[in-house]
Amino acid sequence: MSMDSELLFYKKPAKMWTSALPLGNGKIGAMVFGVPQKEKISLNYDELWTGFPKTYQDMCSHEHFLEARELALNGKLREAQDILEKSFEGYNSEAYMPFGDITIECTRGTVKNYMRGLDLSTAVHFVKYTKSDVTYTREAFASYPDHAFVMHFASDQKRAINLTIRMTSPLRCTVHSNSNTLLLDGSCPSYSPNNKGLLQSQYVPYESDPAKKGIGFRGAVRVKTDGNVSYDPDSITVTSADTATLYFTCESSFNGYNKHPHLEGKEYKNACLAMMDAVCAKSYEDVKAAHIDDYKSYYNRVSLDLGSSHKEKMPTDKRLADFTGTHNDPALYTLLFNFGRYLTIAASREGSQAMNLQGIWNNSTTPPWSSNYTVNINTEMNYFPTLMTDMPEMHLPLIDFVKGISDTGEKTAQELYHARGFTCHHNVDIWRMTTPVQGDSQWSFWPMASGWFCHHLYEHYEYTLDQDYLRDTAYPIMKKAAAFYLDMLVPDQDGYLIIAPSTSPENSFKYGNTQCSVSETSTMSMSIIKELFINCKKAAAILGIHDEILDEIDEKQPKLLPFRVGSKGDLLEWYKEEEWTEPHHRHISHLYALHPARLLTYEETPELMEAARKTLEYRGDNGTGWSLGWKINFWARMRDGNHALKLLDMQLRPVDNKYIINYTNGGGTYPNLFDAHPPFQIDGNFGAVSGITEMLMQSTDNVIYLLPALPEAWPTGSVKGLRAKGNIKVDIVWQNGKLESYTLHGDTKGKKIKYDGATLAK
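Below is a summary of the structure that appears in this document.

About the thresholds
- Residues numbered from 1 in each chain as written.
- Predicted model: local features only at pLDDT ≥ 70, side-chain atom pairs only at ≥ 80, totals over all residues.
- Heavy atoms only, no water.
- Buried < 20%, exposed > 50% of the residue type's maximum accessible area, 1.4 Å probe, protein only.
- Helix = DSSP H or I, 4+ residues; strand = E, 2+ residues; numbered from the N terminus.
- Pairing = 2+ DSSP bridges.
- Phe/Tyr/Trp six-rings, centres within 6.5 Å; stacked < 30°, edge-to-face > 60°.
- Arc of directions from axis to C-beta.
- Salt bridge = Lys/Arg side-chain N within 4 Å of Asp/Glu carboxyl O.
- Axes fitted to C-alpha atoms, helices over the stretch in contact; angles between N-to-C directions.
- Contact = heavy atoms within 4.5 Å.
- Bend = angle between axes of the 7 residues up to and from the residue.

### Some thoughts on the pairing of strand β1 (residues 7–10)
Okay, so step 1: Neither face of β1 is left uncovered, since the one carrying Leu7 and Phe9 and the one carrying Leu8 and Tyr10 both have all their residues buried.
Okay, so step 2: Relative to strand β6 (residues 111–119), β1 runs antiparallel, the two being bridged by four bridges. Bridge pairing links Tyr10 to Arg116 in β6.

Put into structure tokens, the structure is as follows:
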């Protein structure tokens, strides 16, 4: 693979956070700025959230839900929405917090020949520059095997390294040192700033009441060097060194979503030091080698080659700008693809929290949308490419996440809806909140996340064929989700079963002289239920079991409201044909049936596929970063590679570092290749990887499609190691826009291989 598809590099240090480069081991996140005179490392730890376990179910009334449902079924939609917004809302989620910064002051002087970068093939960050005829180098990485962030300093002359290291945090903390370690002990706020207006008492970030204290944490820094080192009360000083290696470890009192972090928290201070002792007992070379071996065991499973652009000498920020003018850089697509896979390995590892809106990277105590789990698309999109790019291990944090909400969501289902099973609404946090949030019903009222997450649970089986997992983990949760929706279904005026009332995130329609978000039902809600029922029956058949829930599904499934096509030929979004408030809205939720589900296909529902195409055309191409990412996948499912590539090109538009929220046409890419909502959200990075993969290979439980949406601009290339459903590895080579060869690894019995409409011999 060519160098220009695995390397991000720049000729100047980062001035803004979205120009810094990300490192991570699933739990520790680091943004490295690469400043010669005063290095800055912005740090995160995935367990640092505001709050503690709470229950919000008592803020919503089942009686008011019934009232809203009755109004909706009688066509009084705005009245139903008013009830939901007045009497069926709770608190917002808690917020993901930054740990803080490590700053490293170095010898000052005029810098020449500067370069910094991130090698995606090794997950190692580097900085190199010359100052006063001395060449300095730095290497940094976040090690999963050794639970540490590591930065190594070296120079080509003796005793040239002099450093002063400090650690700070915007959270309440104290900094002190012992004989060989600088320590930061802190605590997270008791409440999210976004809930300030809803609290019963005056907002107090840090409560003194033990029952209201937040997560405690400790960060530790230690330096190994051949020079002189001293530990001062709030800093570390290194002088006259040939080399120096900085180690950072972190631990928190978080002990699970259902345990109080202060009253029932885990021991973390000694645990942090124990991790530090363990990593420092090894040589830098051994720690680095273990990190690279671990990382490569996942990253090297897949390789993509779309051709060399011969732009390997162009810095990444300049390359983005050049691409906007020419689009003549096929290896930039490969770089974006590799960067997205890198981000998955960096942010989602066994034992870590699932990736939030910003993965694990956040530098603000008031991050956009609390940097929480927004589960009407964004959290799910984070994991769109994980299985198809052969990283099922990185999917496990999401499965653990869903296990948690399947627990906390039981009380929400029982008390808010008097239903069995479990449900989850628009936002979740580390405490596995499942209740409605405040605000407009277009986001606050949406009890459908549990069904969507079951898509991911079942897909994990489809890609791995792990029947023990299906029996013990996935199917029990899927069955619980199905029970909730079975209890929620009610007949409409024509006798069809619908879930009422419903919304279509985060959209609205014209309603008299105002607008409304609540409908009798919505296409997305019904699509999620349809897919869940189908997958429950598939799972039960695979496991050879039958229970009462399947009898209920068999009874109600044929009565579910069918898809409907409007007068313009598009797929209807709501129960009736409504006039759009915002024709080019970023969400296209009613195409859930096209992607990620496969309820709409050319083979079985050609008329509905045409309606889906009309929907995409009417909605338009522009949007936020994640919206562009989802549209790439939609057009890949439509088998229109040229249109999918158009969206990918739009997603690669350079976006400056200004903090501006743009919901319509601002999507693009920051200098460090982070996805711009804007502001930064990581989901679009993963939507792009999934979209590229779907352009080259798609799979169902019985068909593998080769090059289903290959664009004309990619005439020659290859991809190796993609994973298809059925635990099959797929290698593809194409020349002059045509399939040249393919290789399948695994049991292909019962699988059809299709290319360009024809079934191929295996």
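### Some points on the packing of aromatic side chains
Okay, so step 1: This structure, assessed with the given rule, holds 35 aromatic pairs.
Okay, so step 2: Seen from their ring centres, Trp17 and Phe680 are 5.6 Å apart, and the 50° between their planes marks the pair as tilted. With Trp17 in the loop between β1 and β2 (21–24) and Phe680 in the loop between β25 (675–676) and α17 (683–696), the pair connects residues that are 663 residues apart, well separated along the chain. We note that Trp17, like Phe680, is buried.
Okay, so step 3: Ring geometry for Tyr129 against Tyr136: centres 5.5 Å apart, planes inclined by 25°, an arrangement best described as stacked.
Okay, so step 4: Through successive ring pairs, a cluster of aromatic residues spans Trp17, Tyr295, Tyr299, Phe339, Tyr342, Trp361, Phe674 and Phe680.

### Some words on helix α5 (residues 316–326)
Okay, so step 1: Within α5, burial applies to Thr316, Asp317, Arg319, Leu320 and Phe323. With its buried residues spanning 160° around the axis, α5 presents them on a single face.
Okay, so step 2: Positive backbone phi, approximately 55°, marks His327, located one or two places after α5.

### A short note on the pattern of salt bridges
Okay, so step 1: Applying the stated criterion across every chain, the model contains 39 salt bridges.
Okay, so step 2: Of the charged contacts in the structure, one is a salt bridge between Arg138 and Glu39, with a shortest N-O distance of 3.0 Å. Of this pair, Arg138 sits in strand β8 (residues 134–143) while Glu39 sits in strand β4 (residues 38–45); the two residues are 99 residues apart in sequence, bridging distant segments of the chain.
Okay, so step 3: Measuring nitrogen to oxygen at the nearest pair gives 3.1 Å for the salt bridge that ties Lys266 to Glu47. Here Glu47 lies in the loop between β4 and α1 (62–73) and Lys266 lies in the loop between β16 (243–252) and α3 (269–280), a separation of 219 residues in the sequence.
Okay, so step 4: On the accessibility criterion, Glu47 (7% relative accessible area) is buried.
Okay, so step 5: Ionic contacts of the salt-bridge type, sharing partners, join the residues Lys27, Asp46, Glu47, Glu251 and Lys266 into one network.

### Observations concerning the sheet that holds strand β31 (residues 752–755)
Okay, so step 1: Pairing within the open sheet is mixed, and its four strands lie in the order β26-β27-β31-β32. The open sheet is flanked by β26 (697–699) and β32 (758–760), the only strands paired with a single partner. Ignoring which end each strand starts from, the neighbouring axes of this sheet average 30° apart.
Okay, so step 2: Sheet topology places β26 next to strand β27 (residues 703–706); three bridges connect them, and they run antiparallel. Bridge pairing in β27 links Ser699 to Ile704.
Okay, so step 3: This element, α17, spans β26 and β27 of the sheet and lies at about 85° to β26.

### Comments concerning helix α8 (residues 392–417)
Okay, so step 1: Along α8, the helix axis deviates most sharply at Thr408, where the bend reaches about 35°.
Okay, so step 2: Just downstream of α8 lies His418, where phi reads positive at about 55°.

### With respect to unusual backbone geometry
Okay, so step 1: For the peptide bond that leads from Pro505 to Glu506, omega is -20°, which places it in the cis range.
Okay, so step 2: By the secondary structure assignment, Glu506 is in the loop between β21 (497–499) and β22 (509–511).
Okay, so step 3: Note that the residue after His677, namely Pro678, is joined by a cis bond; omega there is -15°.
Okay, so step 4: Positive phi is not limited to glycine here, since Asn113 has a value of about 50°.
Okay, so step 5: Mapping Asn113 onto the fold places it in strand β6.
Okay, so step 6: Since its relative accessible area comes to 63%, Asn113 is described here as exposed.

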